Amino acid sequence: AQKVTQAQTEISVVEKEDVTLDCVYETRDTTYYLFWYKQPPSGELVFLIRRNSFDEQNEISGRYSWNFQKSTSSFNFTITASQVVDSAVYFCALSEASGGSYIPTFGRGTSLIVHP
Amino acid sequence: NAGVTQTPKFQVLKTGQSMTLQCAQDMNHEYMSWYRQDPGMGLRLIHYSVGAGITDQGEVPNGYNVSRSTTEDFPLRLLSAAPSQTSVYFCASRTNYFVANEQYFGPGTRLTVT
């Protein structure tokens, strides 16, 4: 069984604030993949990042950074100096290797509202 | 490349009516799937396909049928619509079943059943 928990339903910040979106997962597999997707108000989901379970290096892409910690089963996403265009629903997802399939399970999403 | 396309964008049905949500991709992806998105529930998998002629059920398959006669197309059929099927439906694809690559999503179909 796999499970992804995004405990923050909605976060509201003012532009230029830093914000962290939490993602906690559960899995018994040693091989798995974690993802973040962004769903802007237009509705279409956009892939942001993929991380495999053997690579705990943090990643930075512009104002976005991701902190993967296997010890706490977390894969948190930080936006530095948030902008109005960051307003969206963000989904964390987990794909396990069990059975040779990688069917992802999504968290319930965190709605981020960035006010000007 | 158009990516993943879905039609229609919006649809209103009466209870008991049937309809087909269309999904097509032009990336030669083997794996395709359908999700529904409801407020506070995230994305839940309805059905998926690992290639032409092969489909399987996801987490919430009841009330939906699928088929995959070509690599490109993966339609979702509602045989007798119910108000509980009011939702936003997303089709997604990725290269294949055995590699955990990212999924590409269509723009969604907003369905209302009255």
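Residues numbered from 1 in each chain as written. Chains lettered and ligands numbered in written order. Predicted model: local features only at pLDDT ≥ 70, side-chain atom pairs only at ≥ 80, totals over all residues. Heavy atoms only, no water.

**Q** Mind showing me how you'd approach the pairing of strand β8 (residues 64-69) of chain A here?
**A** Working note: regular strand, side chains alternate between the two faces of the sheet. All names here are of chain A. Bridge count between strand β7 (residues 59-61) and β8: three bridges; the pairing is antiparallel. Looking at the pairing, Ser61 lines up with Tyr64 of β8. As consecutive antiparallel partners, β7 and β8 are separated by two residues, and within that stretch Gly62 has a phi angle of approximately 65 degrees, a positive value. Looking at chain direction, β8 and strand β9 (residues 74-79) are connected through six bridges and run antiparallel. Opposite Ser65, over in β9, you have Thr78 as the bridge partner. (Pairing = 2+ DSSP bridges. Helix = DSSP H or I, 4+ residues; strand = E, 2+ residues; numbered from the N terminus.)

**Q** Mind showing me how you'd approach the interface of chain A and chain B here?
**A** By convention, interface size is frequently given as the accessible area that disappears when the constituent parts associate. Contacts between the two partners involve 19 residues from chain A and, on the opposite side, 21 residues from chain B. Each partner contributes to the roughly 1,700 Å² buried at the junction of chain A and chain B, and carbon and sulfur atoms together form 58% of this total. There are six residue pairs in polar contact (both at pLDDT 80 or more) connecting chain A and chain B. Listing elements by their share of the side of chain A that touches chain B, those giving two or more residues are β5 (32-39), β6 (46-52) and β10 (88-96) of chain A. The class makeup of the residues in the side of chain A that touches chain B is ten nonpolar, six polar and three charged. (Contact = heavy atoms within 4.5 Å. Buried area = accessible area lost by both parts, 1.4 Å probe. Polar contact = N/O pair within 3.5 Å; in protein donor to acceptor, adjacent residues only side chain to side chain. Nonpolar A, V, L, I, M, F, W, Y, C, P; charged D, E, K, R; others polar.)

**Q** For this particular structure, what's the right way to read unusual backbone geometry?
**A** Trans is the common state for peptide bonds, and a negative phi is the common state for residues other than glycine. Omega for the bond connecting Thr7(B) with Pro8(B) falls within 30 degrees of zero, at -5 degrees, which places this linkage in the cis form. Its identity as a non-glycine residue notwithstanding, Lys16(A) has a phi of 85 degrees, on the positive side. Turning to its location among the elements, Lys16(A) is positioned in the loop between β2 (10-14) and β3 (19-21). Note on Lys16(A): relative accessible area 70%, which makes it exposed. (Buried < 20%, exposed > 50% of the residue type's maximum accessible area, 1.4 Å probe, protein only.)

**Q** I'm lost on the layout of surface pockets in this one. Help?
**A** Picture a little ball the size of a water molecule; that probe, rolled over the atoms, points out where space is still empty. Looking at the largest pocket, its volume works out to about 600 Å³. Gln39(A), Val89(A), Gln37(B), Val88(B) and Arg110(B) are the residues nearest the centre of the largest pocket, which is lined by 32 residues in total. Contributions of two or more residues to the lining of the largest pocket are made by β10 and β12 (110-115) of chain A together with β4 (31-38), β9 (87-94) and β11 (109-113) of chain B. Among the residues making up the lining of the largest pocket, the classes are represented as eleven nonpolar, 16 polar and five charged. (1 Å grid on protein atoms, 1.4 Å probe; cavity = no way out; pocket = protein on both sides within 12 Å on 5 of 7 lines; lining within 4 Å. Points joined across faces, edges and corners; volume = space filled by probe spheres on them.)

**Q** It is not clear to me how the pattern of salt bridges should be interpreted in this structure. Could you clarify?
**A** Between side chains of opposite charge, a pair can form when the charged atoms approach closely. Residues and elements named next belong to chain A. Scanning all chains against the criterion turns up five salt bridges over all chains. Among the ionic pairs, Asp55 bridges to Arg51, the shortest N-O distance being 2.8 Å. We classify Asp55 as partly exposed; its relative accessible area is 25%. Here Arg51 falls in the buried class, since its relative accessible area comes to 7%. In this structure, Glu59 engages Arg51 in a salt bridge whose closest nitrogen and oxygen atoms are separated by 2.7 Å. Several salt bridges converge on common partners, so that one network encompasses Arg51, Asp55 and Glu59. (Salt bridge = Lys/Arg side-chain N within 4 Å of Asp/Glu carboxyl O.)

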